[in-house]
Amino acid sequence: DEISIKRDRFVGDGMQEHIVVQNHAAHPVDFELALDVGSDFADIFAVKAYDFTLGDPDRAAPLPELISPSYEEEDNQFVLADDGELLTQVVFSERGEVDEGCVRYRIALEPREHWRLRVDVIPALDGMKTSPSRVERAFGDERARVRESLTAWNLRVPQVRSSWDQLHHSFRQSVGDLASLRMGEDTHVPGQLPAAGMPWFMAVFGRDTLITCLQTLLFGTELARNALVVLAELQATEDDPEADAEPGKIVHEVRHGKGAKAWFPRYYGTIDATPLYLILLSEVWRWTDDAALVRDLREPALKALAWIDDYGDLDGDGFVEYERRSKRGLLHQSWKDSHNSQLFHDGTPAEPPIAPCEVQGYVYDAKRRAAELCREVWRERDLAARLDEEAERLRERFDQAFWCEERGGFYALALDADKRRVDSITSNIGHLLWSGIVPPERADAIVDQLMGEDLWSGWGVRTMSAADAGYNPLAYHNGTVWPHDNSLVAWGLARYGRWPEAQRIVRRMLNAAAYFDHQLPEVFAGFTRTDTPFPIPYPTAARPQAWAAGTPVLLLQLLLGLEPDHRLHVLGTVAPEDVPAWAGSLRLSGVRAFDRTWDVHLEEGRVTIEQS
């Protein structure tokens, strides 16, 4: 109880740690402090294999042996090298006794005296060493750059003042999380756009990036524009079975360095990113009326439409299916992509090719929106008419093929290889409301399923009904609650005018956020709220995670009913005039739409909007 050790760590392009040791006793103390240095240079997928959710710890290959560092006395640094390709320097501000990979400090402190050590860890992907004399300056510059970037980001996004503390704090947390997930410009990914999440997914993910951008258009369209341009540059141009790629397909995942060697530099095993690309392009246009952007991205959009018809529909039945072609690829390629995510009501796994229900909805919406762009921007009326006709035929076929009359009526999770309905009840049906593919006469049944006791946990909509054999409140996609999933469900409920149910999701999701320090995780357990008075954390959930961070932003937009009108160039509201009292009073200032800013007020249950 006499010695304290304080460690401050800054992680950016490298890592800097400040260690401060203090003697709190009234007499002198002598002790030894030692630091061990080593690196195994394991790629991120080898490390992720030890994650219980996303890996397989019991069968994971052993991590590489530690590489012993060499000590360079002149610069007081350890150097670790991996076959000459990768290199890590560990530089110390104080000299100690070096013994192989260990440095020891024999310290004597007078009463109240401090001892300090700075350690700089500098990775080099090109194998080139950095002069230790430049390290402190570089880290100082980076601190300033990060602070300036965060300040600029905070000035660009809307500001919220709300009497509802949970909304106020969750929104501010989302602003910070999305700032931290922005990837800066590099030669691989020009322009800033959000990575999918920490720690495993600090990379471009087509689906995650697109959904996050859709959730956060309230912030403006900068991230979305960058995503549309970058993903167009990464759009597949060749048929490459090893990467699950076909011409026109939007990329699933981009990796660099050792991660690219262990996985793929670019992998295309996602069935939904391509229609989502078209949806985001349309939504950006609806917020901006930027015809120039839509014209610039006409070719990528047409290629995406061609992929849907030429490659997405594997057997010509009018539905988009996936089936892995790459031996190293993902077995399941919808948003629920874990190995056991496609289960029948009795728990039997469905066999690919799989046609997920929500993807048919995305395709329906994408074709409707693309038809609008054809008429309004590209002036291709024949194509517009064809797309509208195809969308309507898809809506009719979908209802016939996916609708299940049992258990009150619902849409099946998917069709399997034999075109059987995968008859578990899942949150995916909420995405169908968001897409608009659900006929009005089916909406009541879908809403009843979503908000019934088997899917509704009290904190949110579960990924799978508790009445299905595969249900497990701790299973990644078969009973847990995903915030982003709930935000899209709420969007769908609002689209069909089911405001009480949409508002219930808004309230409970932000209630749940308060138990996670207002930082919604990727996923949390699906236990019933009556059984657990607080949401149960999921042990390996990513925090921050992009589309979880985007959830409070979209929920705020839905609470206020904000919708752009590109014909009148105004921001309007479709919210009912009796927003519940628990939402309190609110001012949202600086919302950007149509090159103008707007202020939104919520007072006594009524939403009003005025131009700033």
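Scroll up a little and you will see the structure.
Read on for a plain summary of the structure. (Residues numbered from 1 in each chain as written. Predicted model: local features only at pLDDT ≥ 70, side-chain atom pairs only at ≥ 80, totals over all residues. Heavy atoms only, no water.)

A few words now on empty space enclosed by the protein. All told, the structure shown has one cavity of 30 Å³ or more when counted by the stated rule. In this structure, the largest cavity occupies an estimated 70 Å³ of space. Lining the largest cavity are Trp153, Arg156, Val157, Thr216, Phe219, Gly220, Thr221, Glu222, Leu223 and Arg592. Of all the secondary structure elements, the ones that give two or more residues to the lining of the largest cavity are helix H2 (132-156) and helix H5 (222-234). When the residues that make up the lining of the largest cavity are grouped by side-chain class, the tally is four nonpolar, three polar and three charged. (1 Å grid on protein atoms, 1.4 Å probe; cavity = no way out; pocket = protein on both sides within 12 Å on 5 of 7 lines; lining within 4 Å. Points joined across faces, edges and corners; volume = space filled by probe spheres on them. Helix = DSSP H or I, 4+ residues; strand = E, 2+ residues; numbered from the N terminus. Nonpolar A, V, L, I, M, F, W, Y, C, P; charged D, E, K, R; others polar.)

Here we take up the sheet that holds strand E2 (residues 15-23). Taking strand neighbours across the sheet as the criterion, the six strands line up as E1-E2-E9-E6-E5-E4 in an open arrangement whose pairing is antiparallel. The sheet is open, and its two borders are formed by strand E1 (3-11) and strand E4 (70-72), each paired with just one other strand. The sheet shows a mean angle of 20° between the axes of neighbouring strands, taken without regard to direction. Of the pairings in the sheet, the one linking E2 to strand E9 (residues 114-124) comprises eight bridges and is antiparallel in character. When the bridges of E9 are listed, Val20 appears paired with Arg116. (Pairing = 2+ DSSP bridges. Axes fitted to C-alpha atoms, helices over the stretch in contact; angles between N-to-C directions.)

Attention now moves to the packing of aromatic side chains. Across all of its chains, the model carries 23 aromatic pairs by this definition. Taken together, a centroid distance of 5.1 Å and an interplanar angle of 70° make the contact between Trp164 and Trp582 edge-to-face. Of this pair, Trp164 sits in the loop between strand E10 (159-162) and helix H3 (165-181) while Trp582 sits in the loop between strand E21 (570-573) and strand E22 (586-593), and the two are 418 residues apart along the sequence. Taking relative accessible area as the criterion, Trp582 reaches 23% and is therefore assigned partly exposed. (Phe/Tyr/Trp six-rings, centres within 6.5 Å; stacked < 30°, edge-to-face > 60°. Buried < 20%, exposed > 50% of the residue type's maximum accessible area, 1.4 Å probe, protein only.)

This paragraph deals with the nonpolar core. What tends to happen in soluble globular proteins is that the nonpolar side chains get buried as a cluster. The biggest cluster of nonpolar side chains holds 159 residues, and the ones touching the most others in it are Phe402, Tyr411, Leu450, Leu493, Leu556, Leu560 and Leu588. For this core, the element with the most residues is helix H10 (residues 357-378), which contributes twelve residues. Other than its neighbours up to four places away in sequence, Leu588 contacts Pro158, Gln159, Val160, Leu218, Leu556, Leu560, Leu562, Trp598, Asp599 and Val600. By size, the runner-up hydrophobic cluster in this structure holds 19 residues, among which are Leu86, Val90, Leu109 and Val119. (Core = buried A, V, L, I, M, F, W, Y, C linked by side-chain atoms within 4.5 Å. Contact = heavy atoms within 4.5 Å.)

Moving on: the environment of Asp244. Along the chain, Asp244 turns up in the loop between H5 and strand E13 (253-254). Those residues in contact with Asp244, other than ones at most four positions away along the chain, are Lys249, Tyr267, Tyr268, Gly269, Arg324, Arg325, Ser326, Gly329 and Gln333. Here Arg325 takes part through its backbone nitrogen, which lies 2.8 Å from a polar atom of the side chain of Asp244. (Polar contact = N/O pair within 3.5 Å; in protein donor to acceptor, adjacent residues only side chain to side chain.)

With 15 residues, helix H9 (residues 298-312) should cover 21 Å at 1.5 Å per step; its first-to-last C-alpha distance of 20 Å lies within 8% of that length. By the largest-angle criterion, Ala306 marks the main kink of H9, which is about 25°. Considered for burial, the residues of H9 that qualify are Pro300, Ala301, Ala304, Leu305, Trp307, Ile308 and Gly312. If you follow the buried residues of H9, they end up packed against H5, helix H7 (273-288), helix H8 (291-296), H10 and helix H11 (381-402). (Expected span 1.5 Å × (residues − 1). Bend = angle between axes of the 7 residues up to and from the residue.)

Moving on to the environment of Pro241. Looking at where Pro241 falls in the secondary structure, it is placed in the loop between H5 and E13. Each C-alpha atom of the pair Pro241 and Arg325 lies 5.4 Å from the other, and the pair is 84 residues apart in sequence. Every residue in contact with Pro241, bar those within four places of it in the chain, is listed here: Arg325 and Ser326.

Right, let's talk about the pairing of E10 for a bit. Burial along E10 is one-sided: Val160 and Ser162 are buried, while Gln159 and Arg161, pointing the other way, are not. As paired strands, E10 and E22 are joined by four bridges and run antiparallel to one another. Bridging from a neighbouring strand, Ser162 pairs with Leu586 of E22.

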